[in-house]
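One-letter residues, chain by chain:
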Amino acid sequence: MVVLVALGCFLMTLVGGWTAQYVADRRHLVLGFAGGLMLGVVGFDLLPEALEGAGEHVFGVPAALLLFVTGFLVAHVVERLLAMRQAEHGAHRPDQVPQVGIGAAAAMVGHSIADGVAIGASFQVDEAMGLTVALAVVTHDFADGFNTYTVTRAYGNARRSAVAMLFADALAPVLGAASTLLFSIPEQALGCYLGFFGGVLLYIAAAEILPEASHRHPARSTLLCTVAGAALMWVVIGAAAG
């Protein structure tokens, strides 16, 4: 089941990359919906499970929440460092520095491996949680594929290189998920990891997916899709718990 779900990530990433070549005008609706799904997964599923599993308090604060904030900050620092590196290499002339595009795409591949590990770890909690986390990851993999292809091409790389990085990004969650079949994560470590991953996922939703969805299309339909995504996760997680 874990690997089959990861294959959904593979296909959605490729769909995102394909869309990047033939930019669809409705992309903002997909991104808005994906952002809502991710928000719902973090708030309704990941954080409650992390708080229950991690257990310990550090200076009066649950370890899961400390790791949640740490995950958010780590994602923010990595994103800022990439932005600074692009600026140092002359973002106004992106065609001069194809290596930066490859580096940024490689960072997305690393992130996708972590997504796959999160899917596998969630299935180790229970199947319902695994499916809800997988749904959030699969939907935001559309944006991952779109951005991987776009950033590689934006810095002057050939289409062949962009497609190669797209396929690497598509395979990454499959490999990450498959790796969790080889080991079992202790319950406390699992709770800590889910807290950390929740912070990363919230940052991606709040700082990247949702702003990108509304940047060129600040429409009510985008907002409705975001609310619908969060509401859907509430219903799905509530039904699974019941």
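Bear in mind the structure is a predicted one, so any value in this text is a computation, not a measurement. (Residues numbered from 1 in each chain as written. Predicted model: local features only at pLDDT ≥ 70, side-chain atom pairs only at ≥ 80, totals over all residues. Heavy atoms only, no water.)

Draft legend 1. Broad picture of a nonpolar patch on the surface. A cluster of nonpolar residues, Leu 51, Val 58, Phe 59, Val 61, Leu 65 and Leu 66, forms a patch on the protein surface that exposes about 530 Å² of accessible area. Take Val 61: it is sitting in strand E2 (residues 61-62). A relative accessible area of 32% places Val 61 in the partly exposed class. (Patch = residues over 30% accessible without salt bridge, like charges linked within 9 Å, V, L, I, M, F, W, Y side chains within 5 Å. Areas by Shrake-Rupley, 256 points an atom, 1.4 Å probe, with all protein chains shown as cover. Salt bridge = Lys/Arg side-chain N within 4 Å of Asp/Glu carboxyl O. Helix = DSSP H or I, 4+ residues; strand = E, 2+ residues; numbered from the N terminus. Buried < 20%, exposed > 50% of the residue type's maximum accessible area, 1.4 Å probe, protein only.)

Draft legend 2. Layout of the confidence of the model for the chain. When pLDDT is averaged along the chain, the result is 79, and 85% of the positions lie at 70 or above. Across the chain, the secondary-structure element scoring lowest on mean pLDDT is helix H5 (residues 127-154), at 77, and the one scoring highest is helix H6 (residues 159-179), at 89. (pLDDT = per-residue confidence, 0-100.)

Draft legend 3. Fine view of unusual backbone geometry. Not every positive phi belongs to a glycine, and Phe 59 is a case in point at roughly 50°. When you line up the elements, Phe 59 lands in the loop between strand E1 (57-58) and E2.

Draft legend 4. Looking closely at helix H7 (residues 187-215). With 29 residues, H7 should reach 42 Å at 1.5 Å per residue; the first-to-last C-alpha distance of 40 Å fits that figure. The largest bend in H7 is about 35°, located at Ala 205. (Expected span 1.5 Å × (residues − 1). Bend = angle between axes of the 7 residues up to and from the residue.)

Draft legend 5. Up close: the packing of aromatic side chains. Scanning all chains against the criterion turns up three aromatic pairs. Aromatic pair Phe 72 and Tyr 203: ring centres 5.1 Å apart, planes at 85°, arrangement edge-to-face. Separated by 131 residues along the polypeptide, Phe 72 in helix H3 (residues 63-88) and Tyr 203 in helix H7 bring together distant segments of the chain. Among the residues examined, Phe 72 registers a relative accessible area of 30% and is labelled partly exposed. Accessibility expressed as a relative area gives 4% for Tyr 203, which makes it buried. (Phe/Tyr/Trp six-rings, centres within 6.5 Å; stacked < 30°, edge-to-face > 60°.)

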